[in-house]
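# Structural features, examined
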Amino acid sequence: MSDLDSALAFSHYATRSIEADPGLRDELSATIDEPFRWTDAHAAIDVAVDSADASALARALRVLRRRVFLHTLARDLSGRASLEEVVATMTTLAEAAIAGATRLHAAALAAVHGMPIGNDSASPQQLIVVAMGKLGGGELNVSSDVDIVFVYPEEGETSGPKTVANREYFDRLGRRISVALADVDADGYVFRVDTRLRPYGESGPLTLSFAALEQYLVTQGRAWERYAWLKARPVTGLRHDELMALVTPFVYRKYLDYDAYEGLRGIHRQIREQSRRRDARDDVKLGPGGIREIEFVVQALQIVRGGREPALQLHGTLASLAVLAQRNTLDGHAVRTLEGGYRFLRAVEHRLQYRDDRQTQRLPDDRAERRALAATMHGATLEAFDTEIDGWRREIGREFATVFESPAEPVHAGRSRGGYGRIWDDPKADAETLAWLAGEGYDDAPALIATLAQFRASPRYLQLPGTSRERVDRLVPALLEAAAEQRVPATPAGAIARRLLALLEAISRRSAYLALLVEHPPLLPRIAHLMGASAWAADYLTRRPLLLDELLDARVLLAAPDWDAWRRELDEAMAGARGDAEASMDALRHFQHAQTFRLLAQDLSGQLTVERLADHLSALADVVLDATLRGCWALLQGSDAPAPRFAIVGYGKLGGKELGYASDLDLVFVYDRDPAAAGDDPVQERYARLAQRINTWLSSATAAGRLYDTDLRLRPDGAKGLLVSSLAAFDRYQRHDAWTWEHQALTRARYVAGDAALGAAFETVRDDVLRLPRDPGKLAADVIDMRKRMAAGHVNRSGSFDLKHDRGGMVDIEFAVQYLVLANAHRHRELARNLGNIALLEIAGHAGLVGADIARAAADAYREFRRLQHRIRLTGAAHARVDPLPQAARRHAVDALWAAVFGAGRDRLESTAGLRGDVRHVDG
């Protein structure tokens, strides 16, 4: 028996159909090796529609449906069709049938009543059939009903002799479409139609205007309806964008929507209760570990996260699951379980429906029927089939059980609602309370009590909505307990608690953030640990509470940075905001803040050295700058415009790949002028606008915060110069007009974003300028004079050692290295490479420009100074200053380097009166 005959023999419906029309067998034999061809099918529908004969269309659709069903069955059961092909074929059939029925019956009604005209636009209106459920997801079953909702843009009335209101017109049209698809006649039916997902269900109007739909969703839309409308997809009519602009904000909130948890948990309970019913046990859709549970896991995560992550705003289950996997929202085991189980159960579901063309998902009780079903699953025995399906359903059930279960006890009860709960309910500094807090590790108990009392009496707390205040009341005791358990030597429990309370106060009016903390009890200890480790980190998180979500998954939070993945993720986010400047700026900020926070977490956990952290922060800035440039250019010139011959050059910390968390960006913009152009440069104005727009996107404060502070004064002629320079003009300026300090700054410059060829040309110019021969004596005098000016601008009277600016500190090393580069690069080309101070010192030592031991000791000092500086900045201190005695040896090493480079008598801290130049330009 051929595989076609085996496939057909399994289906009683196929057997009956071919007995009635043997030609179907020949058609299948000729076409089984290719997916269904739609060209002739669409043409046949068009002929029937053009005939204006409803019965002709009904017959054409039913005959087509039989052919599509048999063809899909044959290809699926013979192993030729994937699940994607099967569901796409059935979805295409439904869309074609709906479109054909809509066209024919709309024309028939218009012939009597005229076209419906909108009151607002005074233009003709069309019915929009919104596909819901599996049809909306593009994953229709082989024997399925179609869930649809009928909407139209505007109220009004028709333009013909028998005038009716638009609502009546579209109601009639909706009823006719339903009948055209669902009526059963001698040729069968096309699809059963279910319109109960419309607002108010069966008791509501069959069709709604956009305004009525919006009013319903805003005022009465419920949690399960968000779940249903997630898959909504218009398949007929026009003005789809307007419709989805109403639906999308209902389904997806602007930020991570943890407020949705309670409603989704209710749906979760209903699904679980339904699956436990005896009659659902063998149902592969509704039973335990069934298809519905997979769909719920995926759609629930889409609802919670889709507003913040537009990539998740998809209709199909498999496509959405792939994005959840890509974004590490679900771990690998969960993804494999859900995808594998979905594919297996959908295959079983289709085989159940192929048998008799019935909409069933129930496994047969009869063993012979089950054995026949098992044989279609790659020839499995009944025992092997039962084992496999039970295994899949068991694993799916486990994954379903972990989603939106009630939160763990620590937020609600236990010790946190004992002593700490009592203190929060009535914060009084009595002896018993103070003694108990001291025993818990709070050395500053009176101050803590005062803070709690002030918080509890504050207008912000007292004016909270009831639900939010109840959440705060549950969180504060757990927060105090988490702070006490940190035991951070450098940060007392009271300081951690105050930082946590500041965060709680900052988010108290955003109920979604409170819900996040309530729903995820393990988050509080993680937050407390972070805040105990760094005051700067505490402030960073408090000002950007959206980042709380980053703490949910330690695997993602602590995963090694992947610069290419960064670019892909940001490109995806920017694509979702294309054409919208504000949305693009927010996307950039959300991305940069999230990646910075991940680096911060890895830094505090000891995973990153200071040097490696700076590499990552610099790479992150490169990625953001490149996306910013492309986004600004697309808005100025159009998304299809050729890429600009424009590049961004980074100086200072960015150029030297020594960026810190709060570093600003020193930027210079260059462009490539057409060599054939004469006179005024026609592109300079265009690129000046681009540069200005880039700077605005980077430095403006929006609701999502700020990206970077920028400094553009390192361009030729500084603040007085043009905002952008052609590369030729930049080259001329550097060769003939630049000050020595500008060449010092150039040692730390690099191409960071934009046109790669222009970037390479800039690097050539930089290399050529740095390798120009210079008078060593004049160069030394200029560098020392600039160092004196910097010292005069950073006077330190504290008695502590300023790691950066004081004699023997980091600036001394940087200036010495810059001198070595400018004085010797013409003889030692490798010095012109932008390798960082430590690597350049090593090169200078090997070249004999300074003693190797001196270079090594200065490099070690620089490395340690950077480490100390970084650690101090994490405390939030304004200056990186330390006890001078432990640093004496390192300062002597720096003095030795200075003496070896400039001579022992060349002091860098003398008066600087009359010196010309800009200190800012060499202060990295």
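Residues numbered from 1 in each chain as written. Predicted model: local features only at pLDDT ≥ 70, side-chain atom pairs only at ≥ 80, totals over all residues. Heavy atoms only, no water.

## Observations concerning the environment of L841
- Structurally, L841 is set in helix α38 (residues 837-846).
- Under the relative-accessibility criterion, L841 is labelled buried at 1%.
- Separated by 144 residues in the primary sequence, L841 and W697 place their C-alpha atoms 37 Å from one another. (Helix = DSSP H or I, 4+ residues; strand = E, 2+ residues; numbered from the N terminus. Buried < 20%, exposed > 50% of the residue type's maximum accessible area, 1.4 Å probe, protein only.)

## Brief notes about the pairing of strand β2 (residues 128-131)
- Because side chains alternate across β2, one face comprises the buried residues I128 and V130, and the other comprises V129 and A131, equally buried.
- Pairing analysis gives 4 bridges linking β2 to strand β3 (residues 145-152), with the strands arranged antiparallel. Considered in β3, the bridge of V130 is made with V149.
- Taken together, the 2 bridges between β2 and strand β7 (residues 233-234) define a ladder with antiparallel strand orientation. What sits directly across from V130, in β7, is P234. (Pairing = 2+ DSSP bridges.)

## Topic: the side chain of R351
- Among the secondary structure elements, R351 is positioned in helix α15 (residues 332-356).
- In terms of polar contacts, R351 uses its side chain to reach the side chain of D76, at 3.4 Å.
- Among residues more than four places away in sequence, those in contact with R351 are F10, D76, L77, L373, T376 and M377. (Polar contact = N/O pair within 3.5 Å; in protein donor to acceptor, adjacent residues only side chain to side chain. Contact = heavy atoms within 4.5 Å.)

## What about helix α9 (residues 210-220)?
- Within the span of α9, buried status applies to F210, L213, Y216 and L217. An end-on view of α9 places all buried positions within 130° of arc, on one side of the element. In α9, the exposed positions angled more than 90 degrees off the buried face are occupied by A211 and V218.
- In this structure, the buried residues of α9 make contact with β2, β3, β6 (207-209), α10 (223-229) and α11 (240-251). (Arc of directions from axis to C-beta.)

## Examining the layout of surface pockets
- Here the second largest pocket is characterised by a volume of approximately 1,100 Å³.
- Taken together, 45 residues make up the lining of the second largest pocket; nearest its centre are Y661, A662, S663, D664 and R873.
- Those elements that provide at least two residues to the lining of the second largest pocket are α26 (535-543), α29 (581-604), α30 (610-637) and α39 (852-873).
- The greatest single-element share of the lining of the second largest pocket, amounting to 5 residues, is contributed by α39.
- Grouping the constituent residues of the lining of the second largest pocket by class yields 17 nonpolar, 13 polar and 15 charged. (1 Å grid on protein atoms, 1.4 Å probe; cavity = no way out; pocket = protein on both sides within 12 Å on 5 of 7 lines; lining within 4 Å. Points joined across faces, edges and corners; volume = space filled by probe spheres on them. Nonpolar A, V, L, I, M, F, W, Y, C, P; charged D, E, K, R; others polar.)

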